[in-house]
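Chains, contacts and geometry: an overview
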Amino acid sequence: MTTTHFFFIITTLLLSCHTLTGASDFVRPIDRSLLGLNKKEKVSHFKFYWHDILSGQNPTSVSVVTPPMTKINTTTAFGLVNMIDNPLTLGPKLNSKLVGRAQGFYASACQTEIDLLMAMNFAFIDGKYNGSSITILGRNAVFNKVREMPVIGGSGLFRFAKGYAEARTHWLDLKSGDATIEYNVYVMHY
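Only a predicted model underlies this, so the values are computations on that prediction, with no experimental measurement involved.

Re the overall build of the protein chain
Counting its secondary structure elements, the protein chain contains one helix and nine strands. Overall, the protein chain shows an N-to-C arrangement of helices and strands of α-β-β-β-β-β-β-β-β-β. Each of the 190 residues in the protein chain was classed as buried or not, and the buried ones make up 36%. With the model as given, the accessible surface of the protein chain reaches about 11900 Å², and the carbon-plus-sulfur share is 61%.

A few points about the side chain of threonine 60
With respect to the helices and strands, the residue threonine 60 is situated in the loop between β1 (42-52) and β2 (61-65). Given the relative accessible area of 12%, threonine 60 is considered buried. A polar contact is formed between the side chain of threonine 60 and the side chain of asparagine 86, at a distance of 2.7 Å. Beyond its immediate chain neighbours, meaning those up to four positions away, threonine 60 contacts His51, Asp52, Ile53, Met83, Ile84, Asp85, Asn86, Pro87 and Arg101.

Brief notes about the pattern of salt bridges
One pass over the full model with this rule turns up five salt bridges. With a closest N to O distance of 2.6 Å, aspartate 115 and arginine 139 form a salt bridge. Here aspartate 115, found in strand β5 (residues 115-124), pairs with arginine 139, found in strand β6 (residues 133-141); they are 24 residues apart in sequence, far enough to count as distant. Look at arginine 139 and you get exposed, because its relative accessible area is 52%.

Considering the nonpolar core
Residues Trp50, Phe122, Ile134, Tyr183 and Val185 are the most contacted members of the largest nonpolar core, which totals 28 residues. Elements supplying a minimum of two residues to this core: β1, β3 (81-89), β4 (98-108), β5, β6, β7 (147-155), β8 (162-172) and β9 (179-189).

Remarks on the layout of surface pockets
Here the largest pocket is characterised by a volume of approximately 650 Å³. In terms of lining residues, the largest pocket is bounded by 30 residues, among which Ile114, Leu116, Val142, Leu172 and Gly177 are the most central. Breaking the lining of the largest pocket down by element, the ones donating at least two residues are β1, β4, β5, β8 and β9. Of all the elements, β9 adds the most residues to the lining of the largest pocket, at three residues. Of the residues in the lining of the largest pocket, the class split is 16 nonpolar, 11 polar and three charged.

With respect to unusual backbone geometry
Positive phi outside glycine occurs at alanine 77, with the angle close to 55 degrees. Here alanine 77 lies in the loop between β2 and β3.

Let's talk about the side chain of asparagine 140
Mapping asparagine 140 onto the fold places it in strand β6. By relative accessible area, asparagine 140 is classed as buried at 5%. Here arginine 147 takes part through its side chain, which lies 2.9 Å from a polar atom of the side chain of asparagine 140.

Some words on a nonpolar patch on the surface
A cluster of nonpolar residues, Val62, Val64, Val65, Met83, Phe105, Leu117, Leu137 and Ile152, forms a patch on the protein surface that exposes about 620 Å² of accessible area. At three residues, β2 tops the list of elements feeding residues into the nonpolar patch. Of the residues examined, phenylalanine 105 reaches a relative accessible area of 31% and is grouped as partly exposed.

Side note on the packing of aromatic side chains
With the rule as written, the count across this model stands at 12 aromatic pairs. Each ring, one from phenylalanine 46 and one from phenylalanine 158, has its centre 5.6 Å from the other, and the planes form 75 degrees; the classification is edge-to-face. Placement of the pair is phenylalanine 46 in strand β1 and phenylalanine 158 in the loop between β7 and β8, with a sequence separation of 112 residues. Classification of phenylalanine 46 as buried rests on a relative accessible area of 11%. The exposure class assigned to phenylalanine 158 is buried, which follows from its relative accessible area of 0%. With centroids separated by 5.1 Å and ring planes inclined at 25 degrees, the aromatic side chains of tyrosine 164 and tyrosine 186 adopt a geometry described as stacked. Of this pair, tyrosine 164 sits in strand β8 while tyrosine 186 sits in strand β9, and the two are 22 residues apart along the sequence. Taking relative accessible area as the criterion, tyrosine 164 reaches 31% and is therefore assigned partly exposed. Judged by relative accessible area, tyrosine 186 falls into the partly exposed class, the value being 26%. In textbook terms, an aromatic cluster arises when at least three aromatic residues are bridged by ring pairs, as seen for Phe46, Phe48, Trp50, Tyr106, Phe122, Phe124, Tyr129, Phe158 and Tyr183.

Definitions and limits used
- Residues numbered from 1 in each chain as written.
- Predicted model: local features only at pLDDT ≥ 70, side-chain atom pairs only at ≥ 80, totals over all residues.
- Heavy atoms only, no water.
- Helix = DSSP H or I, 4+ residues; strand = E, 2+ residues; numbered from the N terminus.
- Buried < 20%, exposed > 50% of the residue type's maximum accessible area, 1.4 Å probe, protein only.
- Areas by Shrake-Rupley, 256 points an atom, 1.4 Å probe, with all protein chains shown as cover.
- Polar contact = N/O pair within 3.5 Å; in protein donor to acceptor, adjacent residues only side chain to side chain.
- Contact = heavy atoms within 4.5 Å.
- Salt bridge = Lys/Arg side-chain N within 4 Å of Asp/Glu carboxyl O.
- Core = buried A, V, L, I, M, F, W, Y, C linked by side-chain atoms within 4.5 Å.
- 1 Å grid on protein atoms, 1.4 Å probe; cavity = no way out; pocket = protein on both sides within 12 Å on 5 of 7 lines; lining within 4 Å.
- Points joined across faces, edges and corners; volume = space filled by probe spheres on them.
- Nonpolar A, V, L, I, M, F, W, Y, C, P; charged D, E, K, R; others polar.
- Patch = residues over 30% accessible without salt bridge, like charges linked within 9 Å, V, L, I, M, F, W, Y side chains within 5 Å.
- Phe/Tyr/Trp six-rings, centres within 6.5 Å; stacked < 30°, edge-to-face > 60°.

Rendered as structure tokens:
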């Protein structure tokens, strides 16, 4: 081994060690108070209605992935994906006060039942929560009386949020697919 080879190997090893030990440079401890985490955590309960409108001139839920008819399970629509921008209202009527929008998607994720994967933000537009959102990600077994999905986070006043949402079908039109769902959301936040 020549001196040049030796220095090349040593230099490469040293640079590799620096890269490996330097990997922790992107993370560091931080004072919780800088993120507002020194406040007392509180629990809030939100109740609103989610309107999934597939019919008419201005649907709020549209299919973005539709499996080919030869591949689709006609009883569960497995593989179907809908993008949503659904109104959230205080009452069950669509014309009641708008408090936000559910934005995201749901997908038929089960081959044997109508179970949906729900991934959505409840983006609030009213009152002190205007501009804040709660993020939901979970399983929605559509024909169960009560479905529970986790709150996995949020933004604005809901940073570091955690909790759960309960969904109950208030109204469903089996022909059009339009539905109104009552949501009760329990959120721990600062």
